[in-house]
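Chain and residue survey
The lines below spell out each chain.
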Amino acid sequence: EAQVTQNPRYLITVTGKKLTVTCSQNMNHEYMSWYRQDPGLGLRQIYYSMNVEVTDKGDVPEGYKVSRKEKRNFPLILESPSPNQTSLYFCASSPTRGTYGYTFGSGTRLTVV
Amino acid sequence: GESVGLHLPTLSVQEGDNSIINCAYSNSASDYFIWYKQESGKGPQFIIDIRSNMDKRQGQRVTVLLNKTVKHLSLQIAATQPGDSAVYFCAEKGGRYSTLTFGKGTMLLVSP
């Protein structure tokens, strides 16, 4: 089944403790992206990747890092999480940057206390 | 945690009615538009798309209308069912090398 898989689904952590949210897609998509979703603010792009080893900032990149060492994986790294990063996170992929609709993962609900 | 549905405009309909969800987009250069459905606890799911060289596209029970003159997009759902209850987002792409920009969403509530 074609899908985008995120892990974990739920995570509660403490301020300053590094964490990684994994994202993997099995569709051989070139384009991958991370979004955060907050009430009243909609989906905001954090980082995106056009292909392996090619990443760029989205609209809200502060406090986040990404890497794209393999085509299928695009992890989101929070080096020092803060409470304002409490949010619902989605990974998405697409054959190309925007020609087609994105396939989204099921989401990761992160709480930073 | 707080639901993503809070603070959103809400459309309440009865089962069997037709629903119309509207979206105003911002970029007159946008050439590709998508509607997504997001059910509680899930990621957004693709419903239907339309390119700027069209003004109407139909799917199964859904129709998207595009009015480029006033930068308006609408999603029509025929014979709305309780399973259609969700948050609906429009998204626009402003050119070949741009990314999708998402609207804030509308919550659709369908009563039996």
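Calculation rules
Residues numbered from 1 in each chain as written. Chains lettered and ligands numbered in written order. Predicted model: local features only at pLDDT ≥ 70, side-chain atom pairs only at ≥ 80, totals over all residues. Heavy atoms only, no water. Helix = DSSP H or I, 4+ residues; strand = E, 2+ residues; numbered from the N terminus. Rg over C-alpha atoms; globule rule 2.2 N^0.38 Å. Buried < 20%, exposed > 50% of the residue type's maximum accessible area, 1.4 Å probe, protein only. Contact = heavy atoms within 4.5 Å. Areas by Shrake-Rupley, 256 points an atom, 1.4 Å probe, with all protein chains shown as cover. Lys, Arg positive; Asp, Glu negative; His and termini not counted. Charge placed at Lys NZ, Arg CZ, Asp CG, Glu CD. Salt bridge = Lys/Arg side-chain N within 4 Å of Asp/Glu carboxyl O. Pairing = 2+ DSSP bridges. Disulfide = S-S within 2.5 Å. Phe/Tyr/Trp six-rings, centres within 6.5 Å; stacked < 30°, edge-to-face > 60°. Axes fitted to C-alpha atoms, helices over the stretch in contact; angles between N-to-C directions.

1. Observations regarding the overall build of chain A
Counting secondary structure elements, chain A contains 0 helices and 11 strands. For chain A, the sequential pattern of α-helices and β-strands runs β-β-β-β-β-β-β-β-β-β-β. Whereas a compact globule of 113 residues would reach a radius of gyration of roughly 13 Å, chain A reaches 13 Å, a difference of no more than 12%. With the C-alpha coordinates aligned to their principal axes, the bounding extent of chain A is approximately 35 × 30 × 25 Å. Counting all 113 residues of chain A, 49% fall into the buried class. Long-range pairs, those at least 24 residues apart, make up 54% of the contacts in chain A between residues at least 6 apart in sequence. For chain A, the accessible surface area stands at approximately 5,100 Å², while carbon and sulfur atoms represent 49% of it. Separation of charge centres in chain A, based on 13 positive and 9 negative side chains, amounts to 5 Å.

2. Looking at the pattern of salt bridges
All names here are of chain B. Evaluated as defined, the whole model comprises 8 salt bridges over all chains. Notably, a salt bridge pairs E39 with K42, separated by 3.8 Å at the nearest N-O pair. The partly exposed category is assigned to E39, whose relative accessible area is 23%. In this structure, D84 and R61 form a salt bridge, with 2.9 Å as the shortest nitrogen-oxygen distance.

3. Digging into the sheet that holds strand β8 (residues 76–78) of chain A
Consider a sheet: its strands pair through backbone hydrogen bonds, and that pairing is either parallel or antiparallel. Residue and element names in this part refer to chain A. Overall, antiparallel pairing links the 4 strands, which are arranged β1-β3-β8-β7 in an open sheet. The two strands at the open ends of the sheet, each matched to only one other strand, are β1 (4–7) and β7 (65–66). By the bridge criterion, 2 bridges tie β7 to β8 in an arrangement that is antiparallel. Of the residues in β8, the one forming a bridge with K65 is I77.

4. A word on the state of the cysteines
Residues and elements named next belong to chain A. Considering all chains together, one arrives at 2 disulfides over all chains under this definition. Across the disulfide from C23 sits C91; the S-S distance is 1.9 Å. Residues C23 and C91 share a disulfide whose torsion about the S-S bond is about -75°; that sign makes it left-handed. In this pair, C23 is assigned in strand β3 (residues 19–25) and C91 in strand β9 (residues 87–94), connecting sequence segments 68 residues apart. Residue classification places C91 among the buried residues on the basis of a relative accessible area of 0%.

5. Focus: the packing of aromatic side chains
Counted according to the given criterion, the structure contains 14 aromatic pairs over all chains. Ring plane angle 85° and centroid distance 5.4 Å describe the contact between Y35(A) and F102(B), whose orientation is recorded as edge-to-face. Of the two residues, Y35(A) is situated in strand β4 (residues 31–38) and F102(B) in strand β9 (residues 100–102); the pairing between them involves two chains. Classification of Y35(A) by relative accessible area gives buried; the value is 1%. Classification of F102(B) as buried rests on a relative accessible area of 10%. Site record: aromatic cluster; members linked through ring pairs are Y31(A), Y35(A), Y48(A), F90(A), Y102(A), F104(A), Y36(B), F46(B) and F102(B).

6. Some thoughts on the sheet that holds strand β7 (residues 72–77) of chain B
Residue and element names in this part refer to chain B. Pairing is antiparallel in the open sheet, where 4 strands are placed in the order β2-β7-β6-β5. Looking at the sheet topology across the chains shown, the edges are occupied by β2 (19–24) and β5 (56–58). Taking each pair of neighbouring strands and ignoring which way they run, the sheet shows an average axis angle of 15°. Bridge count for β2 against β7 is 6 bridges, and the pairing is antiparallel. When the sheet's bridge partners are listed, N22 is paired in β7 with S74.

None of this, on its own, says anything about what the molecule does.
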